Amino acid sequence: MDEAAALALAPDDASRSAARGLAVPSLWAEAGHDAEAAWGRVRGSGRLPYRVAVDLAGEPAGEPAWTCSCPSRKQPCKHALGLLLLVARGQLDDGDRPPEVEEWLAGRAQRQATTSGRGGRARGGEVADPAAQERRRARRQANVDGGIVDLERWLDDLVRGGLAVAQSRSWASWDEAGARLVDAQAPGLAGRVRALGRAAHSGPGWPDRMLAQLGRLHLVLEGWRHLDQLPPELVTEVRTQVGFPTARADVLATAPVRDRWDVVAAVISDDGTLATRRVWLRGRSIGGWALLLDTGLSGAAFDVDVVVGTTFEADVHRYPGAVGQRSLVGGRHGDARPIEALNGSEVADVLAADAFALAASPWVPQTPVCVGSVVPLVDGDAWCLVDGSGDGLPLDRPSWEVLALSGGHPVTVVGEWDGHRLSPLSCFADGRLWAVRG
Amino acid sequence: MTPGPWPALVKAALLGTERTGRLPPGEGPGAVGPLVHAVTADAARSPERVLLAAAAVLATARRAGRVPDRPAVEAPPPAPPVDGPEVEEDASHTLGALVAGTPPGAMARQLLPEWLEVCGATGRRVPSAQLPAVLDLASADRTLRPVVLGALGHRGRWLAAQRAEWRWAIGALAGEVPDDPAAAWAQGTSAERRALLAAVRAVDPAPGRSLVVSTWPTDKADDRAAFVDILATEVSMDDEPFLEERARLDRARDVRRAATAALAHLPGSRLAARMRERALAHVVAGPGGRLAVRLPAELPDDWAADGVERSTRRPGGERAWWLRQVVAAAPLDTWGPAPQAVAGAAGIDHGDALLPGWALAANRQRRADWAEALLAAPAVDDPSALLRVLDPPARAAWLTRALEAAPAPRPATLLPLCAEVPRPWPSALVQVAAGRAAALVLAQPVRAHLARPVLVLAAERADAAALPRFAADLAQAMRSDRRLDAELRRPLALAQLRQDLLAELTAPGLGHCTEPEGA
């Protein structure tokens with residue numbers, strides 16, 4: 001890519017001139033690039049420097065992709081453009097990717113795509129040499145195998161010493177173990193290892209949560225070891241759990257599910273490195289759930305193309321896997337409208353659906369839940385939702401907003417159930433769906 | 001939660017296999033049993049892998065086999081049907097921004113009270129989902145409570161009853177006055193007792209006084225003085241005997257001083273009557289109502305006993321200062337009608353003993369006629385204090401007249417008085433205050449700091465009907481003179497935001513609901 005091509009990506013003149021001002025190596029820290037990506041930190045108006053990364057893989061045939069922790073909604077922002085200009089001018093050093101950039105690239109999951117869903121841009125790999133592709137695949141496989149052997153040894157040590165000892169480890173030690181797995185191209189496992197560290201410090205009841213997570217992590221590894229004996233959809237599931245990306249194009253090539261989809265909940269989590277957004281859609285006629293998962297560097301703004309409380313008709317393509325919640329929205333048919341009614345299930349049915357999902361995949365982290373006709377109940381610090389038959393689901397935190405919306409009358413609540421507690425995300429009351437603060 | 005092998009497994013995991021060794025082959029509940037047995041009895045697995053495999057099976061089984069909770073607590077009675085419509089969606093967004101301090105609310109948090117007031121006054125209510133944030137805010141900031149109460153509706157009051165921190169919203173001051181004030185009074189810290197006394201006095205003055213009397217002989221001097229200060233707000237003749245016969249004769253000087261200050265608010269008090277006699281002995285009316293002042297040579301002992309203090313650093317001399325204190329505590333009716341008395345004191349010797357004394361007395365005795373007469377006098381010390389004695393429409397009217405009549409340099413001293421006029425400012429005041437402020441910016445740029453707050457106040461407080469013209473005038477002024485641009489940008493933005501806010505709030509969406517709120 002040359003300078004003109006980089007500048008041609010700018011959304012307007014202001015971004016173009018701002019980017020030229022930022023394309024000065026001395027303004028950047030920890031900046032570098034390799035064949036596929038460029039990254040760096042640049043000081044902006046915020047307190048912390050913005051972290052920018054660009055996926056160059058589309059070059060030269062297509063457009064690069066980018067992410068930046070600045071709040072600008074311009075695509076690309078001036079920081080990403082500035083970084084591209086530095087690449088174009090050859091002013092960046094070769095270097096090793098920082099872990100978060102590696103993870104972002106892995107999470108983008110469309111790196112092997114030959115075409116993209118949006119605008120169908122061609123990727124450089126379209127006419128890739130099959131032999132080279134096979135070599136890459138084998139290299140990754142070996143890399144992952146090595147990472148998993150290390151992880152098994154690490155797990156054995158942890159269990160031998162006991163959870164009580166493991167709890168006193170520093171935060172950094174969990175992150176280091178995670179970073180090693182990112183290096184081994186197993187970002188899914190990296191996430192689970194980091195989650196162990198969080199579980200160890202999650203307050204009363206932590207040993208139960210940590211042991212359950214250890215068991216599920218072990219189950220991924222057992223699955224990996226016996227991949228040849230598993231049915232195809234579980235093979236895909238295990239590979240996804242390890243962190244093998246599924247090409248976006250492959251997903252979009254699957255047969256779509258056309259339905260009217262209600263956007264019922266969204267949750268953004270930010271661990272200081274990566275920001276993740278989960279958006280839950282619920283199909284009206286098939287009654288199924290679809291999960292839209294986006295990641296970006298910490299602080300980055302997400303697209304506002306799906307708005308909680310609206311409904312639209314669209315083709316949804318499902319990622320392969322045993323439960324098949326993760327999805328992409330393909331073609332849309334017509335505009336989004338406000339949701340005017342939302343019915344939910346009883347508590348017993350919600351738990352049955354969770355068991356059903358677990359039967360398909362024991363790694364389902366959270367089951368989306370839409371419970372209808374429930375009343376919030378407060379017992380000191382313990383909150384729960386109770387349905388008409390007296391069945392209750394505990395909440396993970398006090399939710400005064402749900403209580404305010406209900407006024408003690410039955411309402412419909414959407415949230416995520418992790419097997420222990422329900423995290424409420426939105427509430428349907430007074431004829432509309434209200435997002436509830438996270 | 002579920003009895004069975006899980007707790008034992010957690011215990012083993014906590015200790016580590018190094019200490020516990022290999023798990024014994026085990027069984028699980030129901031259909032999981034054989035699977036648990038298969039993994040625990042598998043000799044090919046290391047002790048660590050046996051534990052991990054058992055955890056995998058049991059954790060999944062526990063989650064899959066989860067049964068609903070059966071909560072034992074009773075739900076509170078549901079809220080009564082909603083009364084009045086919620087505000088429209090745009091208004092709800094604005095409220096969210098004002099509460100969270102995000103744009104455009106970031107620059108205009110001070111508009112929140114008005115939002116709530118208009119919301120309540122037009123029979124609408126805060127959207128249910130925003131009630132917790134609004135109740136939280138008013139729990140921390142008492143000044144918001146009156147306007148919040150009007151905008152809560154049945155739902156808001158129902159919600160407030162569910163949380164101890166929000167109980168202030170149901171039944172005036174419940175939650176602040178404990179069930180047994182006497183016990184709290186006897187046991188509280190100094191700060192707690194002062195807060196308790198203020199809360200009790202606000203509900204009913206007499207029990208508050210009884211609390212003070214109940215422990216008076218044993219309380220520390222600084223507590224006694226603080227209690228008397230609290231009694232002085234909303235003081236009445238019912239308090240006079242205690243203040244006159246006990247607090248005024250206290251052994252501690254601070255307590256005596258607080259008591260005489262409190263008694264000076266009561267023109268019917270015995271102290272005021274004594275002050276009247278003293279004042280009349282030193283101020284006599286001459287021909288044409290002209291007053292003559294004779295200063296005391298020494299501070300008489302009985303004056304000092306009633307709280308008249310010495311001071312060598314007073315302008316006009318210490319002797320005038322003694323008399324001033326006497327005048328400030330004497331009933332204003334001593335002097336006949338205010339305008340004649342003020343006119344009779346103009347330009348006389350030792351007039352500085354009279355005018356400031358009257359000003360303080362007008363404030364203590366809440367006498368608007370005296371405040372107006374004194375504001376008209378040429379040199380008043382503290383016009384803000386006098387203006388506060390007037391009711392808001394009278395303040396606006398006086399300030400409008402004063403600004404209109406003021407020669408060029410005067411607005412600089414009058415403009416700060418704008419802060420004493422609460423919302424809504426009538427159109428005439430908005431026009432003249434903003435006009436004079438803008439003129440001051442142009443004529444004396446060094447004094448622009450005096451004009452700036454007035455322009456912001458005008459934007460915040462202009463009557464809704466006066467806002468469009470105000471905004472148009474500002475825009476016009478900015479176009480006509482670039483020097484005004486920087487000064488007027490913020491008031492203009494604020495005025496526009498307020499116009500939008502009021503339009504959103506009163507938008508005829510669901511129709512006006514003027515139904516009065518029942519209990």
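Predicted, not measured: the structure shown is a model, and the values here were computed from it.

1. A few points about the overall build of chain B
- When helices and strands are counted, chain B shows 28 helices and 2 strands.
- Here chain B has a C-alpha radius of gyration of 34 Å; the compact-globule value for 519 residues is 24 Å, and the former is much larger.
- Overall, the C-alpha framework of chain B stretches about 120 × 70 × 50 Å when taken along its three principal axes.
- Evaluated residue by residue, chain B yields a buried proportion of 47% over its 519 residues.
- For chain B, contacts bridging at least 24 residues in sequence account for 64% of all contacts bridging at least 6.

2. Section: the overall build of chain A
- Check the secondary structure of chain A and you find 13 helices and 15 strands.
- Overall, the C-alpha framework of chain A stretches about 70 × 55 × 45 Å when taken along its three principal axes.
- Residues classed as buried in chain A amount to 51% of the 438 residues present.
- Within the structure as shown, chain A displays about 18,700 Å² of accessible surface, and the carbon and sulfur contribution to it stands at 51%.
- Taken together, the 47 basic and 56 acidic charged side chains of chain A have centroids lying 3 Å from each other.

3. Some remarks on the environment of Ala-264 of chain B
Residues and elements named next belong to chain B.
- Positionally, Ala-264 belongs in the loop between helix H15 (253–263) and helix H16 (270–282).
- Classification of Ala-264 by relative accessible area gives buried; the value is 1%.
- Residues Ala-264 and Gln-365 lie 101 residues apart in sequence; the distance between their C-alpha atoms is 8.2 Å.
- When sequence neighbours within four positions are dropped, the list of residues in contact with Ala-264 reads Leu-271, Ala-329, Arg-364 and Gln-365.

4. Some thoughts on helix H9 (residues 206–225) of chain A
- With 20 residues, H9 of chain A ought to run about 28 Å at 1.5 Å a step, and its terminal C-alpha atoms sit 29 Å apart, in line with that.
- Buried residues dominate H9 of chain A, accounting for 16 of its 20 residues.

5. Concerning the interface of chain A and chain B
- Between chain A and chain B, the residue contacts involve 58 residues of the former and 47 residues of the latter.
- Taking both sides of the interface into account, the surface hidden between chain A and chain B amounts to around 4,400 Å²; carbon and sulfur atoms contribute 62%.
- Taken as a group, Arg-160, Leu-211 and Trp-400 of chain A account for 15% of the area that chain A buries against chain B, more than any other trio of residues on that side.
- Taking the shortest distance from any N to any O, the salt bridge between Glu-48 of chain B and Arg-160 of chain A comes out at 3.3 Å.
- When residues in the side of chain A that touches chain B are grouped by element, the largest group, 11 residues, is from H9 of chain A.
- Across the side of chain A that touches chain B, the residue classes break down as 30 nonpolar, 15 polar and 13 charged.

6. Comments concerning the packing of helix H11 (residues 190–203) of chain B against helix H13 (residues 221–232) of chain B
Residues and elements named next belong to chain B.
- Here H11 crosses H13 at 20°, and the two axes come no closer than 10 Å. Accordingly, the angle class assigned to the pair H11 and H13 is roughly parallel. When you trace H11 past H13, the crossing you get is right-handed. Here H11 contributes Ser-190, Arg-193, Arg-194, Leu-197, Ala-198 and Arg-201 to the contact with H13, which in turn contributes Asp-222, Asp-223, Ala-226, Phe-227, Ile-230 and Leu-231.
- Classifying every residue of the contact of H11 with H13 by side-chain character gives 6 nonpolar, 1 polar and 5 charged.

So, how was this worked out
Residues numbered from 1 in each chain as written. Chains lettered and ligands numbered in written order. Predicted model: local features only at pLDDT ≥ 70, side-chain atom pairs only at ≥ 80, totals over all residues. Heavy atoms only, no water. Helix = DSSP H or I, 4+ residues; strand = E, 2+ residues; numbered from the N terminus. Rg over C-alpha atoms; globule rule 2.2 N^0.38 Å. Buried < 20%, exposed > 50% of the residue type's maximum accessible area, 1.4 Å probe, protein only. Contact = heavy atoms within 4.5 Å. Areas by Shrake-Rupley, 256 points an atom, 1.4 Å probe, with all protein chains shown as cover. Lys, Arg positive; Asp, Glu negative; His and termini not counted. Charge placed at Lys NZ, Arg CZ, Asp CG, Glu CD. Expected span 1.5 Å × (residues − 1). Buried area = accessible area lost by both parts, 1.4 Å probe. Salt bridge = Lys/Arg side-chain N within 4 Å of Asp/Glu carboxyl O. Nonpolar A, V, L, I, M, F, W, Y, C, P; charged D, E, K, R; others polar. Axes fitted to C-alpha atoms, helices over the stretch in contact; angles between N-to-C directions. Parallel < 35°, antiparallel > 145°, perpendicular 65-115°, else oblique. Left-handed = near helix turned anticlockwise from the far one by under 90°.

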